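This is what each chain is made of:
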Amino acid sequence: MGYSRAVVDGDWVHVSGTTGYDYASMTIAEDVVAQTEQTFRNIAAALQQAGCSLDDVVRVHYYLTEPAWFERIAPVCGRHFATARPAATALVCRLIDPKMKIEIEVTARRRT
């Protein structure tokens, strides 16, 4: 199965659902807050390669495996999106790997 971490379409950058895996070591923390921090590092790296940053995000989807975790991750999300303040949706669902507690996908618009 193939996919792209991010796709650039004109000024738009669509970043695929991203989890808290540290891609260098292929490890994942147990704590949802630590996973969320790593997820944002992974997304920021993809956005940087596409010529933008978290400040350019206009839409975000959060996928959590437990509804109670949103309260724990909200401050992390607020810190990373303090400037962008994107439209957001949060869903509770099961993820492919039971180690994953959160997945985040974003859409950004590159500044011209």
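Everything below is about the structure printed above this text.
About the cut-offs
Residues numbered from 1 in each chain as written. Predicted model: local features only at pLDDT ≥ 70, side-chain atom pairs only at ≥ 80, totals over all residues. Heavy atoms only, no water. Pairing = 2+ DSSP bridges. Helix = DSSP H or I, 4+ residues; strand = E, 2+ residues; numbered from the N terminus. Expected span 1.5 Å × (residues − 1). Buried < 20%, exposed > 50% of the residue type's maximum accessible area, 1.4 Å probe, protein only. Arc of directions from axis to C-beta. Contact = heavy atoms within 4.5 Å. Core = buried A, V, L, I, M, F, W, Y, C linked by side-chain atoms within 4.5 Å. Axes fitted to C-alpha atoms, helices over the stretch in contact; angles between N-to-C directions. Polar contact = N/O pair within 3.5 Å; in protein donor to acceptor, adjacent residues only side chain to side chain. Salt bridge = Lys/Arg side-chain N within 4 Å of Asp/Glu carboxyl O.

*Asks:* Describe in detail the pairing of strand E7 (residues 102–109), supporting the description with residues and values.
*Replies:* Pairing of strand E2 (residues 12–19) with E7, which is carried by 6 bridges, proceeds in the antiparallel orientation. Its bridge partner being in E7, Thr19 is matched across the sheet by Glu103.

*Asks:* Requested: an account of helix H2 (residues 69–80), with residues and values cited.
*Replies:* Across its 12 residues, H2 extends 17 Å between first and last C-alpha, which sits within 8% of the 16 Å expected from 1.5 Å per residue. Those residues of H2 lying buried are Trp69, Ile73, Val76 and Cys77. Each buried residue of H2 lies within a common arc of 100 degrees when the element is viewed along its axis, so the set occupies one face. Among the exposed residues of H2, those oriented more than 90 degrees off its buried face are Glu71 and Pro75. Those residues of H2 that are buried are in contact with helix H1 (32–49), strand E5 (57–64) and E7.

*Asks:* So what about the nonpolar core? Which residues, and what values?
*Replies:* Counting residues in each nonpolar core, the largest one holds 24 residues, and the members touching the most others are Phe40, Leu47, Tyr62, Phe81, Ile104 and Val106. Broken down by secondary-structure element, the contributors of at least two residues to this core are E2, H1, E5, H2 and E7. Examining the composition of this core, we find that 5 residues originate from one element, H1, more than from any other. Core analysis: the next-biggest nonpolar cluster, separate from the first, contains 5 residues, Tyr21, Ile28, Tyr63 and Met100 among them.

*Asks:* Mind laying out the sheet that holds strand E6 (residues 87–92), listing which residues take part and the relevant values?
*Replies:* With respect to topology, 5 strands assemble into an open sheet ordered E1-E2-E7-E5-E6, the strand pairing being mixed. The sheet is open, and its two edges are formed by strand E1 (6–9) and E6, each paired on a single side. Neighbour to neighbour, the strand axes of the sheet diverge by 10 degrees on average, direction disregarded. One ladder, built from 4 bridges, connects E1 with E2; its direction is antiparallel.

*Asks:* Any details on the side chain of Thr39? Residues and values, ideally.
*Replies:* Examined against the element boundaries, Thr39 turns out to sit in helix H1. Overall, the relative accessible area of 0% leaves Thr39 in the buried class. Of note is the side chain of Thr39, whose polar atom sits 2.7 Å from the backbone oxygen of Gln35. What Thr39 contacts, discounting residues up to four positions off in sequence, is Thr18, Thr19, Gly20, Ile102 and Ile104.

*Asks:* Which residues make up the pattern of salt bridges, and what are the values?
*Replies:* In the structure shown here, the tally under the stated rule is 3 salt bridges. Across the salt bridge formed by Asp31 and Arg72, the nearest N and O atoms sit 2.6 Å from each other. Within this pair, whereas Asp31 is found in the loop between strand E4 (27–28) and H1, its partner Arg72 is found in helix H2, the two being separated by 41 residues in sequence. For Arg111, the salt bridge identified is with Asp56, shortest N-O distance 2.4 Å. On the criterion of sequence distance, the pair formed by Arg111 in the segment after E7 and Asp56 in the loop between H1 and E5 is long-range, its members being 55 residues apart. Exposure remark for Arg111: the relative accessible area of 61% places this residue in the exposed category.

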